[in-house]
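Observations on the model geometry
Residue strings, one per chain:
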Amino acid sequence: MTDTVGQPDPGRVPPRPTEPPSVAPYAATYPAPAHAPAPAPAPSGHPPRWAWWVIGIVVPVVGTVATLFATSAKNDPATPPAASGAAPATAGSASPRPSPQASSPSPSVSETKIAPLPGPSSASPSPSGSGPDLTAPAGYQTQQGRWGIAPPPCGETQLVDLDAGVSTTVKVKYAGEGPTTEQTAAIELEYRPDSLGCGNAGDASTYVKLMTTTGRQVGVLRAGQAQTFENCRAAAGTGFGPVQLGGSDAQGRGIVKGAALCSVTDRGSVAMALVEESSKEYSPTVSGRLIVWSKG
């Protein structure tokens, strides 16, 4: 109380503030209840948080492994990349094969054709003694190939066309008999078994003669002479009769290795058949190069 409103009474003791009630009596009477464990969370249908951590780690690792595997397979040395500039292979396309190397087949005695050469401007003369001179005079072109003869059996005869370089065998009625005029219309040489060396038809003859056909100019250009167009045409006019090859008769006529048989053919060409290979039989097989200067 105050004597005057708003002025404290100095002789009066102020009252003690009210203290809050003590909880000790309650604590002594009733002990504090123990804390119960937190209830387990109810399942919510979503994966726990740690599962997302695992997924976040595993997925990048798997992706990295897959990338490394794909890169390794692409650079596998077992399947090297195609060479630069090579065309890719397509399905169904055949793989290229190396073209086989061209080889000169051995000349067939029964049919050997000559192959044309370029014109006279590309044919260069050969030094004397080193081989035939392929130089062609004006109005002619040079061709070359091969020719050959082999002894036919009895009852047949072999005909040689020096224009085409072809040898053919025809049958005759009797051993030692010559071919017909029609069969020799384009023929320069004949290789015929003689009746003296024949028994039955089809037997090998022991006596075969080389001769010219009627009306043809054929002669021998002897070994060591220059094998030129002019010399061959001149030798063609010398002629020779039937000659037995493989013996002293042929040697005496000059038909030996290194020589040539020259002819002015039915087409007006000058043909030079070189004697380069000859077997050692009494009736030998003969062959060699064939040079033809044909009119252009």
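So, how was this worked out
- Residues numbered from 1 in each chain as written.
- Predicted model: local features only at pLDDT ≥ 70, side-chain atom pairs only at ≥ 80, totals over all residues.
- Heavy atoms only, no water.
- Helix = DSSP H or I, 4+ residues; strand = E, 2+ residues; numbered from the N terminus.
- Polar contact = N/O pair within 3.5 Å; in protein donor to acceptor, adjacent residues only side chain to side chain.
- Contact = heavy atoms within 4.5 Å.
- Buried < 20%, exposed > 50% of the residue type's maximum accessible area, 1.4 Å probe, protein only.
- Phe/Tyr/Trp six-rings, centres within 6.5 Å; stacked < 30°, edge-to-face > 60°.
- Disulfide = S-S within 2.5 Å.
- Pairing = 2+ DSSP bridges.

1. Quick word on the side chain of Ser294
By secondary structure assignment, the location of Ser294 is in strand 12 (residues 286–295). A polar side-chain atom of Ser294 sits 3.4 Å from a polar atom in the side chain of Gln143. In this structure Ser294 touches Gly139, Tyr140, Gln141, Gln143 and Ser269, once residues within four positions along its chain are discounted.

2. A look at the environment of Thr214
Take Thr214: it is sitting in the loop between strand 6 (208–212) and strand 7 (217–221). Residue Thr214 is classed as exposed on the basis of its relative accessible area, which comes to 80%. Measuring from C-alpha to C-alpha, the distance between Thr214 and Ala185 comes to 9.3 Å, with 29 residues separating the pair along the chain.

3. Observations regarding the packing of aromatic side chains
Throughout the structure, instances matching the rule amount to 2 aromatic pairs. Site record: aromatic cluster; members linked through ring pairs are Tyr140, Phe229 and Trp293.

4. So, the state of the cysteines
Summed over all chains, the structure comprises 1 disulfide. The disulfide that involves Cys232 links it to Cys262, with 2.2 Å between the sulfurs. Its S-S torsion of about -120° marks the bond between Cys232 and Cys262 as left-handed, since a negative value means left-handed. One end of the pair, Cys232, is in helix 3 (residues 229–236); the other, Cys262, is in strand 9 (residues 260–264), with 30 residues separating them in the sequence. Owing to a relative accessible area of 0%, Cys232 belongs among the buried residues under this scheme.

5. Description of the pairing of strand 5 (residues 189–193)
Burial analysis of strand 5 places 5 of its 5 residues in the buried class, which makes it a mostly covered element. Side chains Leu189, Tyr191 and Pro193 project from strand 5 onto one buried face, and the interleaved Glu190 and Arg192 project onto a second face that is buried too. Two elements, strand 3 (residues 156–161) and strand 5, share 3 bridges in a ladder whose sense is antiparallel. Each residue of the ladder has a partner; that of Leu159, found in strand 5, is Glu190. In terms of strand pairing, strand 5 meets strand 6 through 5 bridges, oriented antiparallel. In the sheet register, Leu189 faces strand 6, and the bridge partner there is Thr212.

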